[in-house]
Structure formats: structure tokens, C-alpha cells
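Each chain, letter by letter, is given below.
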Amino acid sequence: MTTTVVPKQHVLAIISIALLAAGGIMIETAMNVTFPKLTQVFHTSLNNIQWVTTAYLLAVTVTMTTSAYLTNRFGARRIWLTANLLFIGGTICAGFANSLAILLLGRVLEGIAAGLAMPLMFNLVLSLIPKPKIGVWMGIGAMVISLAPSFGPTYGGALIETLGWRAIFFTLLVIPIASLLLGWHNIAHVAKQNKHLSFDFIAFSLLAIALITGLLVVNQLETGRLNILFLILAIISVTAFIYKSQHSQKVFLNIRLFKSQTFTLLLIPVTFYMFANLGLSLLIPNYLQASAGTTSFLAGFALLPGTLFGAFLSPYFGSLYDKVGATKLIFLGNGIFTISLLGMALLTHRLGFILILISYIIFTIGRSMAFSTGMTAAVDQLPIAQQNDANAILQASQMFMGALGTTVAALFGSNRGGIAIGLNQFLWLLFAIALLLFLLFWLQKHLAEATK
């Protein structure tokens, strides 16, 4: 009988990387509550300041596209060490920043570190955890991704009211130090590398250009104009990337995975849950400060209870996946997610601190149930040889959609009618998307049944 006991060294290796991934996500949302302050410090608009988050997410996204190659080429230990050093350097740079440009440089370095750490965490889960426990451990990974974003605003709000916004970076240095101490003797046991792999730098560059220009197109819509040059460049880059990937003998992303209809139909909803999560994590704290008159600390704290519920339930959702499969959990989770959005959209003009706190609890429980289940199911149904590439695509797509969600939310938040109207419009947009996700899940279920 195959044992399902997970060795202690493997557990500690995964935890040490999870710490760094959590730190990267937490600092991303911690900055959202600082936006009103940073607009004053750097004398600029909210739409410019949101690049503190968007530039970070773009760096994460572009880096994640390389994760499958880097892990296979250099091994887990080197990737983990590099991520820690970049995170430390970027955090110090951002903490001492005296201009928006320097702050953005620090955020990009932090983003590269997080872009290395998050896929590595899931890669180790997939390679080290026995299959009967994959659901639980993927749920734990989803818990890290879900929990950290709402610790961020509370953490950031508390520090900006006491020690100032720079302390948000300096106090976070404890995370890479803890990761180094915990993982130093454990990650070495899971390191492996293939020195004969050749990286497709051209395909990588084309995809990076497409991601960046695509987001710039959305960002510049605030001016009321469509940047045709960036749009054309994005389309050309995507087309060239697809062509190059299909004809290249070198290693980058295996986009042939999109031929798997089950993978694709689960990938799309998972990315939209990240779009919704990061978009609301930007708008809600700023709405509470601007319209409800709450402090920075309370504005950030409003997201914390909901995320605690959703995050700590993620391993439980994973254990349910191991027992009953994905379909029921996905439909139930998306149903709760949809109802919460409808309620917030209908009651936006009445949303105060308490009502948002309760609504966000419901929102996050539903989102976490569908998100963690969909992410596990998308990868678990693929052959082991394809799972690293699938994980890289999943993680990169999530981060790009998170960046897109932040950008779109900032556009709605800049509404001339006020942030309350912008929040309401964004909630209705999310509600419409949630309804469409039911169709995708139905198609996935139908295709899965047809192939049995």
C-alpha cells in the first residue's frame, strides 16, 4: 500500500517557500490603503499611483511565465535563494524611495521575487505530495494566496497610522529572513536540474511585450482614448508569440495545453476570481476612507475577517475535492460568490463598515471554494509531465488578471461621480461575469461527462 505520509523535510520546504509567496502577496495589497497618502507624497493622481500595484503584478506575471523552465533548469534551491535575495533588495529599495520611479523599481524587484516563489510552491506540492493528499495541499497553497491579500490592508493601515508608509516595507524583511532560516537545510533535499534545456528568449520577450502593452491599453482608457499603437503592438506580439511557440524547439511555455478544453474552461474562471479579488481589495478600502469616513486601519481591517474565513476553509475545500470531486464545489462556490456580488451591488449606497465586513465574508467564502477547487481540478487532470507548465500558465494568468482587475478598478474608482458610483459599477460588472462563469462550468461538466 502506498503511504500518504508527507516527510517533514518536504513539509518544511513547502512552508519556507509559502512564507515568501505570502509576503509577496501581502505587500501587494498592503500598499492599496496607502494610495491616498502616496498621491500627496508624490504629488500625482490615483491612476498613476495604482502603478505601485500594477507594475508589481506585471513583474509577477512576466516572471511566472518562466517558472516551468527555471525550475527544471536551475532546481528549486537556486530559485528559492534568488527569490529571497530579490525580495530583500526590492523591499529595501522601496522603503528608501524618494520618488515614484524608485518606489516602482523596488516594487518590480519584489514582483520578480514573488513571481518565482508562488509557482515554485505549487510545483513542489505537485511533485512531493502523494496524490491522495493533493487536494488538501493545493488547498493550503490556495489558502496562502487567499489569506495574504487581506492581511495586507490591515497591516498597511496599522503602520501608515503609526510608523508611516515606509515601515510597511522595512518590517516585512522578517519574512525572507524566516524563509531562509526555515528552508536552508530542507529545500536542498528536493533540488534537481536539467542543464541541457534551452530557453526560448524570443517567445518570452513577445509574451512580455503583449502583457505589458495590453495592460497599458486598459490603463490609458482613463483619458477617454484608445491607444491604437499599443493595441496593435499587443495583437502583433500575441500572434507572433503563438506562432513562435508552436514552431520552436526551445523551452518556454507549453501553450498546447490550451487544446485541453477542460483545462481552458477551468483556467478562465480561476483568473476571473483573481480579477474580482484584487479589484475589490483596491476599491473597498479607498471607498471606506473616502465615502464612509473610516480610518486607514479600519478600511484595511474590513477585508480581514472575510479572508480569514475563506483562507482557512481552503484546505477543507481541498479535502472535499479529494472525496467528492470538483463539480459540486465549483457550482456552489460560484453561487455564493454571485449572490454576494448582487447584494453589494444593490446596497452600495448603504454600505458602511459593518455591512461591507459581512458582505466580504460571504464573497470570499464563495470565491475561495470555487477558486481553490477550480485551480486544483485544472492541473490534477493533466499528465504529470505537463503539470509544471500548466501551473506556470495558471499562476501567470491569475497575476495578469489581478493586474487587470487593479487597473480596471482604478478606472472605476476615478469616476467623476465619486468612488461610491465607481464601486457600484464595478460590482455590477463582476456580477455579470459571475453569471457567465456558470455557463463555462456547465460546458466543462458536459465535456467531462462526454469523455467518460
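Residues numbered from 1 in each chain as written. Predicted model: local features only at pLDDT ≥ 70, side-chain atom pairs only at ≥ 80, totals over all residues. Heavy atoms only, no water.

### As for the overall build of the protein chain
Rules: The way it works is that DSSP assigns letters per residue, a run of H or I at least four long becomes a helix, a run of E at least two long becomes a strand, and they are numbered from the N terminus. Radius of gyration here uses only the C-alpha atoms, and the compact-globule reference equals 2.2 Å multiplied by the residue count raised to the power 0.38. Exposure is judged per residue with a 1.4 Å probe applied to protein chains only, and the accessible area is read against the type maximum: over 50% gives exposed, under 20% gives buried, and values in between give partly exposed. Here a residue-residue contact requires only that any non-hydrogen atoms of the pair lie within 4.5 Å. Here Asp and Glu are counted as negative and Lys and Arg as positive; His is not counted, and neither are the chain ends. Positions of charges follow a simple convention, taking NZ of Lys, CZ of Arg, CG of Asp or CD of Glu.
What the protein chain contains, in helices and strands, is 18 helices and 0 strands. For 452 residues, the compact-globule formula gives about 22 Å, and the C-alpha radius of gyration of the protein chain, at 21 Å, lands near that figure. The principal-axis extents of the C-alpha atoms in the protein chain amount to approximately 60 × 45 × 45 Å. Across the 452 residues that make up the protein chain, the buried fraction comes to 59%. By sequence separation, contacts in the protein chain at least 24 residues apart represent 84% of the contacts at least 6 residues apart. Averaging the locations of the 23 positively and 9 negatively charged side chains of the protein chain gives two centres separated by 5 Å.

### Let's talk about the confidence of the model for the protein chain
Residues shown with low pLDDT carry predicted positions that ought not to be read at fine detail. Cut-off, in case you're wondering: Across the chain, each position has a pLDDT score giving the predictor's confidence in that residue, from 0 to 100.
Of all residues in the protein chain, 91% have pLDDT values of 70 or greater, and the mean over the chain is 80. Confidence, read as mean pLDDT per element, is least for helix α3 (residues 46-49) in the protein chain (70) and greatest for helix α15 (residues 327-346) (91).

### Regarding the pattern of salt bridges
Selection rule: Basic side-chain nitrogens of Lys or Arg form a salt bridge, by our definition, when they fall within 4 Å of a carboxyl oxygen of Asp or Glu.
Counted under the stated rule, the structure contains 2 salt bridges. Residues R107 and E110 are paired through a salt bridge, measuring 2.9 Å at the closest nitrogen-oxygen approach. With a gap of 3 residues between them, R107 and E110 both fall in helix α6 (residues 100-128), about one helical turn apart. Here the two residues R107 and E110 agree in accessibility, since each one is buried. A salt bridge links K244 to D200; the nearest nitrogen and oxygen atoms lie 3.0 Å apart. Taken together, the positions of K244 in helix α11 (residues 228-247) and D200 in the loop between α9 (174-183) and α10 (201-219) put the pair 44 residues apart, joining distant regions of the chain.

### So, a nonpolar patch on the surface
To keep things clear, this is the line we draw: Patch building starts from residues that exceed 30% relative accessible area and form no salt bridge, then joins like charges within 9 Å and nonpolar side chains (Val, Leu, Ile, Met, Phe, Trp, Tyr) within 5 Å. A 1.4 Å probe and the Shrake-Rupley method give the accessible areas. Residues count as covered only by the protein chains that appear here.
A grouping of L226, I228, I232 and I236 is seen on the molecular surface, where their side chains present a nonpolar patch of about 370 Å² in accessible area. Of note, I228 is situated in helix α11. By relative accessible area, which is 47% here, I228 ends up partly exposed.

### Side note on the nonpolar core
Filter applied, for reference: Buried Ala, Val, Leu, Ile, Met, Phe, Trp, Tyr and Cys residues that are joined via side-chain atoms within 4.5 Å together make up what is termed a nonpolar core.
Ranked by internal contacts, the top residues of the largest apolar core, which has 143 residues, are L103, F263, L280 and L341. Considering each element in turn, this core owes the most residues, 16 residues, to helix α12 (residues 261-290). Discounting residues that sit within four places of it in the chain, L341 has contacts with L280, F363, L427, L430, F431 and A434.

### Here's the deal with the packing of α12 against α15
Put simply, the rule is: Lines fitted to C-alpha atoms define the axes here, with helix axes fitted over just the stretch in contact, and angles between the N-to-C directions of these axes take values from 0 to 180 degrees. Each helix crossing is assigned a hand: it is left-handed if the near helix lies turned anticlockwise from the far helix by less than a right angle, otherwise right-handed if that turn is clockwise. Each residue gets one of three labels, nonpolar for Ala, Val, Leu, Ile, Met, Phe, Trp, Tyr, Cys and Pro, charged for Asp, Glu, Lys and Arg, and polar for the others, Gly among them.
Contact geometry for α12 and α15: axes closest at 13 Å, N-to-C directions at 30 degrees. Two packed elements cross with a definite hand, and for α12 against α15 that hand is left-handed. Contact with α12, carried on its side by L266, Y273, A276 and L280, involves I330, N334, F337, L341 and M344 of α15 and no other residues of that element. Within the contact of α12 with α15, the residues separate by chemical class into 8 nonpolar, 1 polar and no charged.

### What about the environment of G89?
Take G89: it is sitting in helix α5 (residues 67-95). Once the C-alpha coordinates of G89 and P305 are considered, the two residues, 216 residues apart in sequence, prove to be 32 Å apart.

### Details of the packing of aromatic side chains
Quick reminder of the rule: Pairing of aromatic side chains requires ring centres within 6.5 Å, counting the rings of Phe and Tyr and the six-membered ring of Trp. Pairs whose planes differ by under 30 degrees are stacked, by over 60 edge-to-face, and all others tilted. Two thresholds decide whether a charge sits over a ring: the Lys NZ or Arg CZ must be within 6 Å of the ring centre and within 35 degrees of the ring normal.
In total, this model carries 15 aromatic pairs according to the counting rule given. When the centroid spacing of 5.9 Å and the interplanar angle of 35 degrees are considered together, the rings of F275 and F426 count as tilted. Note that F275 is positioned in helix α12 and F426 in helix α18 (residues 419-450), a separation of 151 residues in sequence. Side by side, F275 and F426 carry an identical accessibility label, which is buried. In this structure an aromatic cluster arises from ring pairing among F272, F275, F412 and F426. The ring of F371 has R367 lying over it, and the distance from NZ or CZ to the ring centre is 5.4 Å.

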